[in-house]
Amino acid sequence: MDLLPFFTWLDTSLLADLSKAYGGVFAVVQMFHLVSLAVLGGMVLVADLRLLGVLLTDVPLTLVLRETRRGFDLALLALVISGVFMSSAVAMKLYYNQMYWVKMIALLVGVLFVYFIRRPLLGETPEQLRPVTRHLIALSSMTTWFTVAASGRWIGFS
Amino acid sequence: MLNQWLLDLAQYFAAQDWSIGLHESIYAYALIETTHVLTLMLFLGMLIVIDLRMLGLIFRDVSAADLAARLDKPMIIGFVVMVITGFILYYAIPVRTTQSIWFRIKVVLLIAAGVNAWLFRKRMQASIHTWARDASPPAHIRRGAIRSLVFWTGVIFTGRAIAYDWYDCHKPLPEFLQWAAGCIDPSAAE
């Protein structure tokens, strides 16, 4: 599926007009993107390191997963909204940027993983899962979100 | 006087082979900056979780003191890596960075965040036994957590803004901004 028509549209959309005309607004949105990344990182690391049995081992796993869920969801939403705005400013450039697609694929994998694999698998009683399964879930999650963050920064260099 | 001394130090760094090599490298600078951004997820991620607990917004069923103590270690590891990579990034582009108003505000905010963290810890340790298991800590602890979030958000904002040249020394700036940014040699900052 070629997404060029979508990027061509995005490049000439109202959003693109705004992001291109007001450099200051673009920069502020970019900074919110980073703050959201920090929140997402905190939620992912606390939950995954607990799954690995490294952090907060004296706090029930179900509680840690429940408490980090809402922060993760909000941070992801903020990341996507700010990300779309930022993409609109340089839509055509991004379409031909290899690292952008690495980030988008990692993001898609991350979202699908969280909502269709991780959460259903951990369910209401994550303690009942075998440790190896919990560890695999945590490692996959950290690797995916690490790739999203690292490739995101690398877009600016490639 | 201080601005001249800072510029001299920056020019001394800028003349070193390692600084030039880092600045001109294709991958090393990018790798260090990526590591710097990734420590946002570790250091600030942990800090945000602790501050949100101190505000009584998450982990209300977990003792605030226990949560802060458990997350302290990864947070400090993240902080150390962030400071080291941050210094290397400064070392790679010292002259422009020294004369950046955003870098200077960032340093002030870092000092403010450090002082706040020290005071916060001191006040927390002095009174923790009276509220450790409370869902919502007392007002002075909540205020400390808000200050921490504001300072660190400011550090992210100003850190990102360093990349923009809106107020660089080679641009026409009001006298106050020229002084605050330490603009002595505008050509050296281009």
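Scroll up to find the structure this text is about.
Residues numbered from 1 in each chain as written. Chains lettered and ligands numbered in written order. Predicted model: local features only at pLDDT ≥ 70, side-chain atom pairs only at ≥ 80, totals over all residues. Heavy atoms only, no water.

Chemist: How would you explain the pattern of salt bridges if you had to name every residue and give the values?
Modeler: Counted by the stated rule, this structure contains 10 salt bridges over all chains. With a closest N to O distance of 3.4 Å, B:Asp61 and A:Arg66 form a salt bridge. Here B:Asp61, found in the loop between α3 (28-54) and α4 (64-92), pairs with A:Arg66, found in helix α4 (residues 61-89), and the two come from separate chains. With a shortest N-O distance of 3.0 Å, B:Arg96 and B:Asp168 are connected by a salt bridge. Separated by 72 residues along the polypeptide, B:Arg96 in helix α5 (residues 94-98) and B:Asp168 in the loop between α7 (139-161) and α8 (175-180) bring together distant segments of the chain. (Salt bridge = Lys/Arg side-chain N within 4 Å of Asp/Glu carboxyl O. Helix = DSSP H or I, 4+ residues; strand = E, 2+ residues; numbered from the N terminus.)

Chemist: Pulling in residues and values, what's your account of the state of the cysteines?
Modeler: All names here are of chain B. A complete count under the given rule lists one disulfide over all chains for this structure. Here cysteine 169 is linked by a disulfide to cysteine 183, with a sulfur-sulfur distance of 2.1 Å. With the S-S dihedral at roughly -80 degrees, the linkage between cysteine 169 and cysteine 183 falls on the left-handed side. Of the two residues, cysteine 169 is situated in the loop between α7 and α8 and cysteine 183 in the segment after α8; the sequence distance between them amounts to 14 residues. (Disulfide = S-S within 2.5 Å.)

Chemist: With reference to specific residues and values, describe the packing of helix α2 (residues 17-24) of chain B against α4(B).
Modeler: Residues and elements named next belong to chain B. Orientation of α2 relative to α4, taken along the N-to-C sense of each, is 95 degrees, at an axis distance of 8 Å. Between α2 and α4, the angle falls in the class roughly perpendicular. Contacts between α2 and α4 involve Trp18, Ser19, Leu22 and His23 from the first element and Ile88, Tyr91 and Ala92 from the second. Its residues assigned to classes, the contact of α2 with α4 shows five nonpolar, two polar and no charged. (Axes fitted to C-alpha atoms, helices over the stretch in contact; angles between N-to-C directions. Parallel < 35°, antiparallel > 145°, perpendicular 65-115°, else oblique. Contact = heavy atoms within 4.5 Å. Nonpolar A, V, L, I, M, F, W, Y, C, P; charged D, E, K, R; others polar.)

Chemist: Give me the interface of chain A and chain B: which residues, what numbers.
Modeler: Facing the 36 residues of chain A at the interface are 34 residues of chain B. Interface area for chain A against chain B, summed over the two sides, is near 2900 Å², with a carbon-plus-sulfur share of 81%. Together, A:Met31, A:Arg153 and A:Trp154 form the three largest contributors to the area buried by chain A at its contact with chain B, with a combined 20%. The set of elements that each furnish at least two residues to the side of chain A that touches chain B consists of α3 (23-51), α4 and α7 (131-155) of chain A. When residues of the side of chain A that touches chain B are assigned to their parent elements, the largest contribution, 19 residues, is made by α3(A). Class assignment for the residues of the side of chain A that touches chain B results in 25 nonpolar, six polar and five charged. (Buried area = accessible area lost by both parts, 1.4 Å probe.)

Chemist: Would you mind going over the packing of α3(A) against helix α6 (residues 98-122) of chain A in detail, with residue names and values included?
Modeler: All names here are of chain A. Orientation of α3 relative to α6, taken along the N-to-C sense of each, is 40 degrees, at an axis distance of 15 Å. Of the possible angle classes, the one that applies to α3 and α6 is oblique. When the axes of α3 and α6 are compared, the crossing they make is left-handed. In this structure, α3 contributes His33, Ala47, Asp48 and Leu51 to the contact, and α6 contributes Lys103, Arg118 and Leu122. Residues of the contact of α3 with α6, tallied by class, amount to three nonpolar, one polar and three charged. (Left-handed = near helix turned anticlockwise from the far one by under 90°.)

Chemist: Describe the nonpolar core, naming the residues involved and giving the relevant values.
Modeler: Grouped together as the largest cluster of nonpolar side chains are 63 residues, with contacts concentrated most on A:Leu40, A:Trp145, B:Met54 and B:Leu71. Broken down by element, this core gets its largest block of residues, 13 residues, from α3(B). Residues in contact with B:Met54, not counting those within four places in the same chain, are B:Ala64, B:Ala68, B:Phe120, B:Met124, B:Trp131, B:Pro137, B:Ile141, B:Arg142 and B:Ala145. B:Phe13, B:Tyr29, B:Ile32 and B:Tyr91 belong to the second largest nonpolar core, which has 11 residues in total. (Core = buried A, V, L, I, M, F, W, Y, C linked by side-chain atoms within 4.5 Å. Buried < 20%, exposed > 50% of the residue type's maximum accessible area, 1.4 Å probe, protein only.)

Chemist: Now, about the environment of B:Pro74: what can you tell me, with residues and values included?
Modeler: Here B:Pro74 is to be found in helix α4. Given the relative accessible area of 13%, B:Pro74 is considered buried. A C-alpha to C-alpha distance of 20 Å links B:Pro74 and B:Val155, two positions 81 residues apart in sequence. For B:Pro74, the contacting residues outside a window of four places in its chain are A:Leu55, B:Leu42 and B:Met46.

Chemist: With reference to specific residues and values, describe helix α1 (residues 2-14) of chain B.
Modeler: Residues and elements named next belong to chain B. Counted at 1.5 Å a residue, the expected span for α1 with its 13 residues is 18 Å, and the 18 Å between its end C-alpha atoms agrees. Of all the residues in α1, the buried ones are Asn3, Leu7, Ala10 and Phe13. What you see down the axis of α1 is that its buried residues fit within an arc of 120 degrees, all on one side. Set apart from the buried face of α1 by more than 90 degrees, the exposed residues are Trp5 and Tyr12. On its buried side, α1 packs onto α2, α4, α5, α6 (101-131) and α8. (Expected span 1.5 Å × (residues − 1). Arc of directions from axis to C-beta.)

Chemist: So what's going on with the packing of aromatic side chains? Which residues, and what values?
Modeler: Centre-to-centre distance and the angle between the planes together describe a pair of aromatic rings. Taken as a whole and judged by the stated rule, the model has 25 aromatic pairs over all chains. Geometrically, the ring pair formed by A:Tyr95 and A:Tyr96 is edge-to-face, given 4.9 Å between the ring centres and 90 degrees between the ring planes. Since its relative accessible area comes to 18%, A:Tyr95 is described here as buried. Given the relative accessible area of 60%, A:Tyr96 is considered exposed. Taking 6.2 Å as the distance between ring centres and 90 degrees as the angle between the ring planes, the aromatic pair formed by B:Phe13 and B:Tyr90 counts as edge-to-face. Here the residue B:Phe13 occupies a position in helix α1, and B:Tyr90 occupies one in helix α4, the gap between them amounting to 77 residues. (Phe/Tyr/Trp six-rings, centres within 6.5 Å; stacked < 30°, edge-to-face > 60°.)

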